Amino acid sequence: QVQLVESGGGLVQAGGSLRLSCAASRTIFRDNDMGWYRQAPGKQRELVAAITSGGITNYADSVKGRFTISRDNAKNMVYLQMNSLKPEDTAVYYCNTRFLVYGIWGQGTQVTVSS
């Protein structure tokens, strides 16, 4: 059973925008802080944005001021609005709980930013 499903990725030019969506199962979403992670080829997966169950957000320095994370608790959805995209943002993007308490991952969604 799919419990984390990411969507919204694509190919965009530098400076463009994308909005990613994550549908999480209720068991994963409920009462958990959530985050968006990304992994580029040959690099470690990194946390880029997080949001608490109460809506408090935090961002990696590399995306601060450009990305916005949000959540809809009624719909079990997490979003990542990405503006002013740069080629170095190219990666597969994943959503998950902030502290990886369930040990599972979805397939992610590919974001490719051209120069």
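For the structure itself, consult the block above.
Residues numbered from 1 in each chain as written. Predicted model: local features only at pLDDT ≥ 70, side-chain atom pairs only at ≥ 80, totals over all residues. Heavy atoms only, no water.

Attention shifts here to unusual backbone geometry. One non-glycine residue with positive phi stands out, namely Asp 31, at about 65 degrees. With respect to the helices, strands and loops of the structure, Asp 31 is situated in the loop between α1 (26-29) and β4 (34-39). Positive phi values are uncommon outside glycine, yet Ser 84 reaches one of about 50 degrees. On the secondary structure map, Ser 84 appears in the loop between β8 (77-82) and β9 (91-97). Judged by relative accessible area, Ser 84 falls into the partly exposed class, the value being 42%. (Helix = DSSP H or I, 4+ residues; strand = E, 2+ residues; numbered from the N terminus. Buried < 20%, exposed > 50% of the residue type's maximum accessible area, 1.4 Å probe, protein only.)

Turning our attention to the pattern of salt bridges. Scanning the model with the defined rule gives 5 salt bridges in all. Residue Arg 66 pairs with Asp 89 through a salt bridge whose shortest N-O separation is 2.8 Å. Pair noted here: Arg 66 is in the loop between β6 (57-59) and β7 (67-72) and Asp 89 is in the loop between β8 and β9, with a separation of 23 residues, a long-range link. The exposure class assigned to Asp 89 is buried, which follows from its relative accessible area of 0%. (Salt bridge = Lys/Arg side-chain N within 4 Å of Asp/Glu carboxyl O.)

Attention now goes to the nonpolar core. The tendency in soluble globular proteins is for nonpolar side chains to be buried as a group. One finds Trp 36, Ile 69, Leu 80, Met 82 and Tyr 93 to be the most contacted residues of the largest nonpolar core, which totals 27 residues. Sequence-distant contacts of Met 82, defined by excluding residues within four places in its chain, comprise Gly 16, Ser 17, Leu 18, Leu 20, Arg 66, Phe 67, Tyr 93 and Val 111. (Core = buried A, V, L, I, M, F, W, Y, C linked by side-chain atoms within 4.5 Å. Contact = heavy atoms within 4.5 Å.)

Assignment of secondary structure puts Tyr 93 in strand β9. In this structure the C-alpha to C-alpha distance between Tyr 93 and Asn 32, which are 61 residues apart in sequence, comes to 19 Å. Leave out the neighbours within four places in its chain, and Tyr 93 touches Glu 6, Leu 20, Trp 36, Tyr 37, Arg 38, Phe 67, Leu 80, Met 82, Gly 108, Thr 109 and Val 111. Separated by 2.7 Å, the side chain of Tyr 93 and the backbone oxygen of Asp 89 make a polar contact. (Polar contact = N/O pair within 3.5 Å; in protein donor to acceptor, adjacent residues only side chain to side chain.)

Next up on the list: the sheet that holds strand β10 (residues 109-114). With respect to topology, 6 strands assemble into an open sheet ordered β2-β10-β9-β4-β5-β6, the strand pairing being mixed. Sheet topology places β2 (10-13) and β6 at the edges, where each strand pairs with a single neighbour. With strand direction ignored, the average angle separating the axes of adjacent strands in the sheet is 25 degrees. (Pairing = 2+ DSSP bridges. Axes fitted to C-alpha atoms, helices over the stretch in contact; angles between N-to-C directions.)

As for its placement among the helices and strands, Thr 112 is situated in strand β10. As a C-alpha pair, Thr 112 and Glu 88 span 24 residues in sequence and 9.0 Å in three-dimensional space. If we skip the residues at most four places from it in the chain, Thr 112 touches Gly 10, Leu 11, Val 12 and Thr 90.

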